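Close look at the chain arrangement
Listed here are the chains, written in short residue letters.
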Amino acid sequence: MENRSSFGSNAKNYAQYRPGYPAELYEFLTLNSPGTDCAWDCACGTGQVARELSRRFTRVLARDISPEQVEQAPRAANIEYSIGAAEQSGYPDESIDLICVAQALHWFDLEAFFGECRRVLRPGGLLAVWGYGFVSISEQIDALMRKEFFPRLDGYWSGGNRLLWNRYRDIEFPFYELKPPPLSMAVRIDRRNFTRYVGTWSGVIRYDTENEANLSDELETMLSGVWPDGLEREISYDFTAAIRRKSS
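Analysis parameters
- Residues numbered from 1 in each chain as written.
- Predicted model: local features only at pLDDT ≥ 70, side-chain atom pairs only at ≥ 80, totals over all residues.
- Heavy atoms only, no water.
- Helix = DSSP H or I, 4+ residues; strand = E, 2+ residues; numbered from the N terminus.
- Rg over C-alpha atoms; globule rule 2.2 N^0.38 Å.
- Buried < 20%, exposed > 50% of the residue type's maximum accessible area, 1.4 Å probe, protein only.
- Contact = heavy atoms within 4.5 Å.
- Areas by Shrake-Rupley, 256 points an atom, 1.4 Å probe, with all protein chains shown as cover.
- Lys, Arg positive; Asp, Glu negative; His and termini not counted.
- Charge placed at Lys NZ, Arg CZ, Asp CG, Glu CD.
- Pairing = 2+ DSSP bridges.
- Salt bridge = Lys/Arg side-chain N within 4 Å of Asp/Glu carboxyl O.
- Core = buried A, V, L, I, M, F, W, Y, C linked by side-chain atoms within 4.5 Å.
- pLDDT = per-residue confidence, 0-100.

**A short note on the overall build of the protein chain**
Each helix and strand in the protein chain was counted, giving 10 helices and eight strands. Expected size for 248 residues packed as a compact globule is a radius of gyration near 18 Å; at 18 Å, the protein chain falls within 12% of this value. Its C-alpha atoms give the protein chain principal-axis dimensions of roughly 55 × 35 × 35 Å. In the protein chain, which comprises 248 residues, the proportion classed as buried is 54%. The contacts of the protein chain with a sequence gap of at least 6 include a subset with a gap of at least 24, amounting to 78%. Of the roughly 11400 Å² that the protein chain leaves accessible, carbon and sulfur atoms contribute 44%. Charge separation in the protein chain, taken as the distance between the mean sites of 28 positive and 35 negative side-chain charges, equals 2 Å.

**Observations concerning the pairing of strand β8 (residues 233-245)**
As judged from the nine bridges shared by strand β5 (residues 121-136) and β8, these two strands associate in the antiparallel manner. Bridge assignment links Ala128 to a residue of β8, and that residue is Ile243. Here strand β6 (residues 176-177) pairs with β8 via two bridges, running antiparallel. By the bridge assignment, Tyr176 is partnered in β8 with Arg245. Bridging between strand β7 (residues 185-189) and β8 involves five bridges; their strand directions are antiparallel.

**Digging into the pattern of salt bridges**
Taken as a whole and judged by the stated rule, the model has 16 salt bridges. For the salt bridge of Arg55 with Glu52, the shortest nitrogen-to-oxygen distance reads 2.8 Å. Note on Glu52: relative accessible area 18%, which makes it buried. Of the charged contacts in the structure, one is a salt bridge between Arg196 and Glu220, with a shortest N-O distance of 3.2 Å. Pair noted here: Arg196 is in helix α8 (residues 191-198) and Glu220 is in helix α10 (residues 215-223), with a separation of 24 residues, a long-range link. Glu220 shares its class with Arg196; the two are buried. Ionic contacts of the salt-bridge type, sharing partners, join the residues Arg191, Arg192, Arg196, Asp217, Glu220 and Asp229 into one network.

**Describing the nonpolar core**
Leu29, Trp130, Phe149 and Phe194 are the most contacted members of the largest nonpolar core, which totals 52 residues. With five residues, β5 is the single largest residue contributor to this core. Setting aside chain neighbours within four positions, we find Phe149 in contact with Leu144, Val198, Trp201, Val204, Leu215, Leu219 and Met222. Listed in part, the 27 residues of the second largest apolar core include Ala43, Leu61, Leu105 and Trp107.

**Remarks on the confidence of the model for the protein chain**
Looking at the protein chain as a whole, the pLDDT averages 92, with 95% of positions reaching at least 70. Note on residues 1-5: pLDDT under 50 across the span, and 14 contacts to partners over four residues away in sequence or across chains.

Rendered as structure tokens:
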């Protein structure tokens, strides 16, 4: 299992620069959940998903291995934060309607986590996993990043990242498939905020740590000739979701 706690050192940037997820996804999950009593935001990070779930579910359990990440998360009366691993939640058997894992499944011990899902999900409950790979901005910027930026990250990514990049095709999920509607993810952002977001990538964090570097600053300089100050561009994400329902 990879060291997921390494995100703690970058928790503030993670909370500020990581994007939200499609509203249509939350609507689909709420509509298809067997109930709206209890949802678990697993590996909640800085609480982006927990906040959305709290508007739809009576009780939200939000758990992460990084105290620093949880410290940055938004508070609400019906969100219960805790620190610990996804694979050993301690929640009661068959107590949860919906389990959400956003941008984190590739860090888990999958066999142990799926066993935990079988235990804590109610009959008919949903396991919803989603994430995004790389982004697309414009032909010119995409080509520049492929040529000048991404090669520097070779060898710095977790092996688990490839599970996400391959859109979860290599994972044998439990339960039976529930297909969501077409989903897309895009935001408008300026150059500085984009490069700060890139600074939260696990491969960049590892590169910076091992080389005493700041790749997000270097990327901003690299892009300054093709992306004017203050200009917002649309960033499209390679978004994918896998949703499974436990048998009733």
